[in-house]
Amino acid sequence: MSSSPGVKIRACLDLIRMDLAVGAGLFLISGEIIATGELLPIPGMILGFLTLFFISGSANISNDYFDREVDQINLSTRPLPSGRISIRELWALFSLFTILGFITAALLGTLVLLIVFVLWGVALLYNVKLKESGFFGNLSVAFCLGMIFILGGILADTLNGALIAFALLAFFFDLGEEIACDALDMAGDEVRSTRSIAKQMGTDRAMMVSGGMFGIFILISFVPFLMSWFTFDYLLFALVLDLWVIRCVQKLMGSQSIADSREQVRSLYLSWGLFVFVFAFSRLVI
């Protein structure tokens, strides 16, 4: 097994899950823009981005440790099962990201530090125990994603209906995604004795529940337009996203291939992220 610096760096990047960590930081900035329609001072935006990047990264890193036996079955190429990184190195990286996340949060104020500590604690508790509880674990992850937008509003000193709607959109979108992912991970989850919806009700019913969460997401997506918080530009973005979500969910529910199902889940996540980023930054120019 190679232990070259390049291998270690790639393993660390895999542990951090750069797409999720960077996405968390961008969601925060997007929440600020959605709440106010303008950019906050650059130093504050950078600190906010770094806070969510580090805290999300620390959650992703610890997740790999507690999922190591599951990943040995489902994703044997992950850093720990493949031997590209040691448990000691994983915890060192986790500690570094946690400390940096708390430092940047503290620079944004006591309230921000408190909220970030709660989110970090919920994420760690999920990795340690709540994941085994099934639906309650799904709720905890969705809660963390929704709170990113609320935190953005707090940093912008603006909590309005539009921002709360986006927090709910994030919550139900992630809830649907988490339930679907549990259904795809059933083989490995036998090792950890999780009580996922898929394990208790079967994969088909779990996918139906997942589809129901996405259905609620689609219904909520019309609220900002119907309440006149945003105009037709938002409606256009939302309709495109909703149609794409419907397409992906249909393919996900009808797929007979785990690999194809995972691709649909990733497509869903990317489409949601693209919608948030494009709409938020379009507010700066419209």
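Residues numbered from 1 in each chain as written. Predicted model: local features only at pLDDT ≥ 70, side-chain atom pairs only at ≥ 80, totals over all residues. Heavy atoms only, no water.

An unreviewed UniProt entry lists the protein under the name Prenyltransferase, from Methanospirillum lacunae. UniProt's Subcellular location (unreviewed entry) comment on the protein is quoted here verbatim: "Cell membrane". (UniProt positions renumbered as here; feature names shortened; annotations may be inferred.)

Caption draft 1: The arrangement of the overall build of the protein in detail. When its secondary structure is counted, the protein shows 15 helices and 0 strands. Since a compact globule built from 286 residues should have a radius of gyration of about 19 Å, the 19 Å found for the protein is in line with a globular shape. Here the C-alpha coordinates of the protein stretch approximately 55 × 45 × 30 Å along the principal axes. Of all 286 residues assigned to the protein, the portion counted as buried reaches 50%. For the protein, the accessible area works out to roughly 13000 Å², and carbon and sulfur atoms hold 69% of it. The distance from the centre of the 18 positive side-chain charges to the centre of the 23 negative ones in the protein is 6 Å. (Helix = DSSP H or I, 4+ residues; strand = E, 2+ residues; numbered from the N terminus. Rg over C-alpha atoms; globule rule 2.2 N^0.38 Å. Buried < 20%, exposed > 50% of the residue type's maximum accessible area, 1.4 Å probe, protein only. Areas by Shrake-Rupley, 256 points an atom, 1.4 Å probe, with all protein chains shown as cover. Lys, Arg positive; Asp, Glu negative; His and termini not counted. Charge placed at Lys NZ, Arg CZ, Asp CG, Glu CD.)

Caption draft 2: Region of interest: the UniProt feature "transmembrane region" (unreviewed entry) in the protein. In the numbering used here, UniProt assigns the feature "transmembrane region" (unreviewed entry) to residues 20-40, 46-66, 87-105, 135-156, 205-223 and 267-285. Spanning residues 135-156, this segment combines 95% helix with 0% strand, and its end C-alpha atoms are found 32 Å apart.

Caption draft 3: Up close: the side chain of K131. Tracing the chain through its elements places K131 in the loop between helix 7 (110-128) and helix 8 (135-155). A distance of 2.5 Å separates a polar atom in the side chain of K131 from a polar atom in the side chain of D67. (Polar contact = N/O pair within 3.5 Å; in protein donor to acceptor, adjacent residues only side chain to side chain.)

Caption draft 4: Representation of the pattern of salt bridges in the model. In the structure shown here, the tally under the stated rule is 7 salt bridges. One salt bridge in this structure joins E89 and K8, with 2.9 Å as the shortest N-O distance. Placement of the pair is E89 in helix 6 (residues 87-106) and K8 in helix 1 (residues 5-16), with a sequence separation of 81 residues. Residue classification places E89 among the partly exposed positions, given a relative accessible area of 34%. Note that D14 is salt-bridged to R84, the shortest N-O span being 3.0 Å. Note that D14 is positioned in helix 1 and R84 in the loop between helix 5 (79-82) and helix 6, a separation of 70 residues in sequence. (Salt bridge = Lys/Arg side-chain N within 4 Å of Asp/Glu carboxyl O.)

Caption draft 5: Quick peek at the nonpolar core. Judged by nonpolar contacts, the single largest core of 78 residues is most densely connected at F149, F166, F217, V245 and W272. Residue contributions to this core peak at 13 residues, all from helix 9 (residues 161-184). Setting aside residues up to four positions removed in sequence, V245 forms contacts with F173, F214, F217, I218 and L268. (Core = buried A, V, L, I, M, F, W, Y, C linked by side-chain atoms within 4.5 Å. Contact = heavy atoms within 4.5 Å.)

Caption draft 6: Seen up close, the side chain of E32. Its location among the elements puts E32 in helix 2 (residues 18-36). Put simply, E32 is tucked away with no salt bridge, and the nearest opposite charge, on R283, sits 12 Å away. Other than its neighbours up to four places away in sequence, E32 contacts G37, E38, L40, M45, G152, L155 and A156.

Caption draft 7: A look at helix 9. Compared with an ideal rise of 1.5 Å per residue, which puts 24 residues at 34 Å, helix 9 spans 35 Å between its outermost C-alpha atoms and is within 8% of the ideal. In terms of burial, helix 9 is a largely internal element, 19 of the 24 residues being buried. (Expected span 1.5 Å × (residues − 1).)

Caption draft 8: Examining the environment of G25 more closely. Following the sequence through the fold, G25 ends up in helix 2. Separated by 77 residues in the primary sequence, G25 and F102 place their C-alpha atoms 14 Å from one another. Setting aside residues no more than four positions away along its own chain, G25 makes contact with F49 and L52.

Caption draft 9: The environment of G109, seen in detail. Its location among the elements puts G109 in the loop between helix 6 and helix 7. Sequence separation between G109 and L155 is 46 residues, and the spatial gap between their C-alpha atoms is 9.3 Å.

Caption draft 10: Region of interest: the packing of helix 2 against helix 15 (residues 258-282). In contact at an axis separation of 9 Å, helix 2 and helix 15 are set at 35 degrees when each is read in the N-to-C sense. You can see that helix 2 and helix 15 cross each other, and the crossing is left-handed. From helix 2, D19, L20, G23, L26, F27, I29, S30, I33 and I34 reach across to helix 15, where they touch R266, Y269, W272, G273, V276, F277, F279, A280 and F281. Residues that form the contact of helix 2 with helix 15 fall into these classes: 13 nonpolar, 3 polar and 2 charged. (Axes fitted to C-alpha atoms, helices over the stretch in contact; angles between N-to-C directions. Left-handed = near helix turned anticlockwise from the far one by under 90°. Nonpolar A, V, L, I, M, F, W, Y, C, P; charged D, E, K, R; others polar.)

Caption draft 11: A look at the packing of aromatic side chains. Inspection of every chain in the model, using the stated rule, returns 34 aromatic pairs. Judged by centre distance (5.4 Å) and plane angle (35 degrees), the ring pair of F230 and Y234 falls under tilted. Residue class for F230 comes out buried when judged on its relative accessible area of 7%. In this structure Y234 comes out as buried when scored by relative accessible area, which is 0%. Taking NZ or CZ as reference, R68 lies 4.0 Å from the ring centre of Y65, over its face. (Phe/Tyr/Trp six-rings, centres within 6.5 Å; stacked < 30°, edge-to-face > 60°. Lys NZ or Arg CZ within 6 Å of the ring centre and 35° of its normal.)

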